[in-house]
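Chains, contacts and geometry: an overview
Take a look at the letters that make up each chain.
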Amino acid sequence: MATFVLLHGAGSDPWYWHLVAPRLEEAGHDVVAPTLPCDDDTAGLPAYVDAAVDAIGDRGDVVLVAQSLAGFVAPLVCERVPVELMVLVAAMVPRPGETGEEWWVDTCHEAARGPEASDDPFVTFLHDVPPDVAARSATHVRPQSSAVFELAWPLDAWPDVPTRFLLCRDDRFFPAEFQRRVVQERLGIVPDEMDGGHLPALARPDELAGRLLAYVDRR
């Protein structure tokens, strides 16, 4: 039995994983979905790591799954607790010494999205999420503090932990070609791919859970 530790992205909460978690539990695994302090203006990156580590406690056989912004958090968790596998899902990939603010410029994110990019969350994030789920998501949106983007990512290199990256081919926030380039440049691996937009845990929970279970089976 693995312990899936599911880290949500920016401006969100553990509800993001509410459709995936039961599928992992039905397969016989433990699931932990901590609340990251995204709406706390006093909480920098270390506070996010503390929240994840505290939630893990003394659990073992940890499979750490990081969505979006949590790509900055997951590798630091690996420095604090034993992690068997790290899975990055539509995630940010920092490099040593880079702040979250610098990441957007260093990766040429704005150019990758193009001049027609929309700030409407229903266009950019919820376009493929079922309407009933999208409607309920509004009560789980939290203000995202900029504090987490201010400190430099402190590691000298990515941790020596088996790592998989799953990109979403229809992601309008982190376009697929952008992710392929960033992942190859920064992790030196070819990402796995699935259909769907930036929020696969809401739009395609069966497929995402199946991918995560397959990763565990192939360890």
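Residues numbered from 1 in each chain as written. Predicted model: local features only at pLDDT ≥ 70, side-chain atom pairs only at ≥ 80, totals over all residues. Heavy atoms only, no water.

1. So, the nonpolar core
- One finds Leu7, Tyr48, Leu64 and Val77 to be the most contacted residues of the largest nonpolar core, which totals 45 residues.
- Secondary structure elements with two or more residues in this core: strand S1 (3–7), helix H2 (45–56), strand S3 (62–67), helix H3 (74–78), strand S4 (85–89), strand S5 (163–168) and helix H8 (176–187).
- Ranked by the residues each element gives to this core, the list is headed by H2, at six residues.
- If near-sequence neighbours (up to four positions away) are discounted, Tyr48 is found in contact with Leu36, Pro37, Cys38, Ala43, Leu69, Val73, Gln144 and Val148.
- Residues Leu19, Leu24, Val31 and Val133 belong to the second largest nonpolar core, which totals 34 residues. (Core = buried A, V, L, I, M, F, W, Y, C linked by side-chain atoms within 4.5 Å. Buried < 20%, exposed > 50% of the residue type's maximum accessible area, 1.4 Å probe, protein only. Helix = DSSP H or I, 4+ residues; strand = E, 2+ residues; numbered from the N terminus. Contact = heavy atoms within 4.5 Å.)

2. Points about the pattern of salt bridges
- Following the criterion strictly, the structure yields 16 salt bridges and no others.
- Residue Arg95 is joined to Asp106 by a salt bridge in which the shortest nitrogen-to-oxygen separation is 3.4 Å. Within this pair, whereas Arg95 is found in the loop between S4 and helix H4 (100–106), its partner Asp106 is found in helix H4, the two being separated by eleven residues in sequence.
- Using a relative accessible area of 33% as the deciding quantity, one classes Asp106 as partly exposed.
- Between Arg164 and Asp192 there is a salt bridge; the shortest N-O distance is 2.8 Å. With Arg164 in strand S5 and Asp192 in strand S6 (residues 192–194), the pair connects residues that are 28 residues apart, well separated along the chain. (Salt bridge = Lys/Arg side-chain N within 4 Å of Asp/Glu carboxyl O.)

3. Quick look at empty space enclosed by the protein
- In this structure the tally under the stated criterion is one cavity of 30 Å³ or more.
- Roughly 30 Å³ of internal volume is contained in the largest cavity.
- Around the largest cavity sit His8, Gly9, Ala10, Leu36, Cys38, Tyr48, Leu69, Ala70, Val73 and Gln144, which together line it.
- A class-by-class count of the residues in the lining of the largest cavity yields seven nonpolar, three polar and no charged. (1 Å grid on protein atoms, 1.4 Å probe; cavity = no way out; pocket = protein on both sides within 12 Å on 5 of 7 lines; lining within 4 Å. Points joined across faces, edges and corners; volume = space filled by probe spheres on them. Nonpolar A, V, L, I, M, F, W, Y, C, P; charged D, E, K, R; others polar.)

4. What to know about the layout of surface pockets
- There is about 650 Å³ of room inside the largest pocket.
- Lining the largest pocket are 28 residues, and of these Ala10, Gly11, Ser12, Phe125 and Leu199 lie nearest its centre.
- Where the lining of the largest pocket is concerned, the elements lending two or more residues are helix H6 (121–124) and helix H7 (131–137).
- Among the residues making up the lining of the largest pocket, the classes are represented as 18 nonpolar, ten polar and no charged.

5. What about the side chain of His29?
- Structurally, the position occupied by His29 is in the loop between helix H1 (21–26) and strand S2 (30–32).
- Residue His29 is classed as buried on the basis of its relative accessible area, which comes to 14%.
- When neighbours within four sequence positions are excluded, His29 is seen to be in contact with Met1, Ala2, Phe4, Leu24, Leu213 and Val216.

6. Some details on the packing of aromatic side chains
- Throughout the structure, instances matching the rule amount to eleven aromatic pairs.
- Ring geometry for Trp104 and Phe149: centres 6.4 Å apart, planes at 45°, overall tilted. One end of the pair, Trp104, is in helix H4; the other, Phe149, is in the loop between H7 and S5, and 45 residues separate them in sequence.
- Taking the relative accessible area as the measure of exposure, Phe149 reaches 13% and is therefore buried.
- Aromatic side chains Phe125 and Phe173 sit 5.0 Å apart centroid to centroid with 55° between the ring planes, which places their arrangement in the tilted category. On the criterion of sequence distance, the pair formed by Phe125 in the loop between H6 and H7 and Phe173 in the loop between S5 and H8 is long-range, its members being 48 residues apart. (Phe/Tyr/Trp six-rings, centres within 6.5 Å; stacked < 30°, edge-to-face > 60°.)

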